[in-house]
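# Examining the three-dimensional arrangement
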Amino acid sequence: MIIEFVRYSDIKDLSSLGRLRKLLKMAKDDKIVLLEGRLKPQEEAELIKMNMEEIDDEFKGIEFAIIDAENNESTWNKIRTKLVNIMLGYKPGFTIIGPASIIKEIKQDPHKIELLMKENEERKKNKKKK
Amino acid sequence: MQLFNIFKRFLNRIFKKKKHLKIGLYGPPNGGKTTLANRICQDWLGEDMGKVSNIAHETREIQIKEQIHIKSGNKELSFNLVDTPGIATKIDYEEFLKAGMKESEAKKRAKEATKGVIDAIRWLDNMDVVIVVLDSTKDPYTQVNLTIIGNLEARKIPVIVVANKIDLKKSNIKKIEAAFPQYKVVGISAKYGDNIDEFYKALFEVA
C-alpha cells in the first residue's frame, strides 16, 4: 500500500478538472492520496461524478474525506487563520482519497477521523480478480 | 407606473416560482427516499411513486411526480416531486451478487447505478428545495452526506434534513441534529407515517 502526500503547490497550476483527474488516477493506481488543502463542495461533487464514470468490474470507486482544520474555531479565529494562510500561501485542511478496494470506510466525526482498511485476504481476492 | 411594473414583475416571479417549484429527495442509498416519496404521493395523490427494496440502488433513474398539491390549514403548496438515485462514492456489483442476483443482472444494476449517481448530482442545479433523507440508525458523518449538504449550501438551496426510520430501536435523531445544526431536522418513519405531519409543517416553512 502506498500513501502519497501531494502538496497543493504541485497541482495549483492545473485546472479544477485537471486536479481531480490527477487525484482520481492516483487512486486508480491503488495509492492513498493525502492532499494538502481541501476541495470545494462543487469539486467534491465533480469528483464523485468523474469517479462514477470510471467504475467498472475492476475499479469499484473511491472513499474520500475532507478534514477541515477550521471547523471548531470561533469566527474571529477563522478570519485570523485565513489571513495568515493567505500571507504564507498555506492551504488549510486535508483531503484523503483512496480506492474502495483498499479503504473499507473512512469514519468522520467532529473530533477524529478513522481510516478502516480492508483485510489482507479481501484485498488479495480483489487483486487476483484483476 | 414604474413602481406598478416592478410590483407586477415581483408577483410574476413569485407566481412562476411557485408554479414550477421542484422539490428533490436526496441522500445516500437506502435512506428511504422512495419510501418518503411514496408516502407523500399516497397522502396527496393516492398512488405510489416508485418501487422500494432492501437492496441498495433500487432507484437508478430520476423519477418525477408532477403537480402535487398539499394543504395545511389555510396554506397550500404545489410542486413537482423529484426522487433521485442514492449518491455513493463506490458501487460494487459483487454486493448485488451477495443479495442473490445473477452476475449479468448485478453488473447491469451497478452500471445503471453509476449513471444514476451522475444524474442525481447534475439535477442539483434544478432544485428549488431539497429534502435530504438520512437513515437515523446510521452514522451521519459520512463524506457523501457532507458533500450533499455542502453543495446545497453553496447553491443556496433551502434544505430540510429528514431523520428517517425513527421506528427502529437504533435510531438517533440527536446525532443527525449535532452533525447538521444549521438545518431543521425532522424525525419521521416514512414507512409507517410516524411524525409525518411535522414533516409537512417543515416543508411549508422552507418552501
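Take the overall build of chain B next. Helix and strand counts for chain B come out as 7 helices and 6 strands. In chain B, the succession of α and β elements from N to C terminus is α-β-α-β-β-α-α-β-α-β-α-β-α. The C-alpha atoms of chain B give a radius of gyration of 18 Å, which matches the 17 Å a tight globule of 207 residues would have. Considered along the principal axes of its C-alpha atoms, chain B spans approximately 70 × 35 × 35 Å. Each of the 207 residues in chain B was classed as buried or not, and the buried ones make up 39%. Partitioning the intrachain contacts of chain B with sequence separation of at least 6 by distance along the chain shows that 70% fall at a separation of at least 24.

Let us now look at the overall build of chain A. Helices and strands together make up the secondary structure of chain A, namely 5 helices and 6 strands. Here chain A holds 130 residues, and the buried ones make up 27% of them. In chain A, 69% of the contacts between residues at least 6 apart in sequence involve partners at least 24 apart.

What follows is about the nonpolar core. Residue and element names in this part refer to chain B. Core analysis: the biggest nonpolar cluster contains 68 residues, and I87, V117, I131, V132, V161, V162 and A163 have the highest contact counts within it. With 6 residues, helix 4 (residues 103-123) is the single largest residue contributor to this core. Leaving out residues up to four positions away in the same chain, V162 has contacts with L36, I131, V132, V133, L134, V186, I188 and F199.

Residue and element names in this part refer to chain A. Between helix 2 (residues 16-28) and helix 3 (residues 41-54), whose axes approach to 10 Å, the crossing angle comes to 50°. Between helix 2 and helix 3, the crossing angle belongs to the class labelled oblique. Relative to helix 3, helix 2 is oriented so that their crossing is right-handed. Contact residues: helix 2 offers S16, L20, R21, L24 and K28, while helix 3 offers E43, E46, L47, M50, N51 and E54. For the contact of helix 2 with helix 3, the residue count by class is 4 nonpolar, 2 polar and 5 charged.

We now examine the sheet that holds strand 6 (residues 185-187) of chain B. Hydrogen bonding along the main chain pairs the strands of a sheet, whether they run parallel or antiparallel. Residue and element names in this part refer to chain B. Strand order in this open sheet of 6 strands is 2-3-1-4-5-6, and the pairing throughout is mixed. Of all strands in the sheet, those bounded by a partner on one side alone are strand 2 (63-72) and strand 6. Strand-to-strand twist in this sheet, taken as the mean axis angle between neighbours without regard to direction, amounts to 30°. Relative to strand 4 (residues 129-135), strand 1 (residues 22-26) is paired through 4 bridges, and the arrangement is parallel. Each residue of the ladder has a partner; that of L25, found in strand 4, is I131.

Residues and elements named next belong to chain A. Spatial ordering of the open sheet is given by 1-2-4-3, a layout of 4 strands whose pairing is mixed. Every interior strand has two partners, whereas the edge strands, strand 1 (2-6) and strand 3 (62-67), have only one. Put simply, the sheet's adjacent strands are angled 15° from each other on average, direction ignored. Looking at chain direction, strand 2 (residues 31-36) and strand 4 (residues 94-99) are connected through 4 bridges and run antiparallel. Bridging across to strand 4, V33 finds its partner in I97.

Counting residues at the interface gives 22 residues for chain A and 20 residues for chain B. Within the residue set of the side of chain A that touches chain B, elements represented by two or more residues are helix 3, strand 3 and strand 5 (103-109) of chain A. A total of 8 residues in the side of chain A that touches chain B trace back to one element, the largest contributor, which is helix 3 of chain A. Of the residues in the side of chain A that touches chain B, the class split is 11 nonpolar, 4 polar and 7 charged.

Residue and element names in this part refer to chain B. Counting buried residues along strand 1, 4 of its 5 residues qualify, which places the element largely inside the surrounding structure. Where strand 1 lies against strand 3 (residues 75-83), 4 bridges are found, and the strand directions are parallel. What sits directly across from L25, in strand 3, is D83.

Another aspect to go through is helix 2 of chain A. Along an α-helix, residues three or four apart share an orientation, since each turn contains 3.6 residues. Residues and elements named next belong to chain A. End to end, helix 2 covers 18 Å across 13 residues, agreeing with the expected 18 Å (1.5 Å per residue, within 8%). When helix 2 is considered as a whole, its buried residues turn out to be R19, L20, L23, L24 and A27. Angularly, the buried residues of helix 2 cover 125° about the axis, an arc narrow enough to put them on a single face. Every exposed residue of helix 2 that faces more than 90 degrees away from the buried side is listed here: L17, G18 and K25. On its buried face, helix 2 sits against helix 1 (8-11), strand 2, helix 3, strand 3 and strand 4.

What counts, and where the lines are drawn
- Residues numbered from 1 in each chain as written.
- Chains lettered and ligands numbered in written order.
- Predicted model: local features only at pLDDT ≥ 70, side-chain atom pairs only at ≥ 80, totals over all residues.
- Helix = DSSP H or I, 4+ residues; strand = E, 2+ residues; numbered from the N terminus.
- Rg over C-alpha atoms; globule rule 2.2 N^0.38 Å.
- Buried ≥ 20, exposed ≤ 12 C-beta atoms within 10 Å, placed from the backbone.
- Contact = placed C-beta atoms within 7 Å.
- Core = buried A, V, L, I, M, F, W, Y, C linked by C-beta atoms within 7 Å.
- Axes fitted to C-alpha atoms, helices over the stretch in contact; angles between N-to-C directions.
- Parallel < 35°, antiparallel > 145°, perpendicular 65-115°, else oblique.
- Left-handed = near helix turned anticlockwise from the far one by under 90°.
- Nonpolar A, V, L, I, M, F, W, Y, C, P; charged D, E, K, R; others polar.
- Pairing = 2+ DSSP bridges.
- Expected span 1.5 Å × (residues − 1).
- Arc of directions from axis to C-beta.

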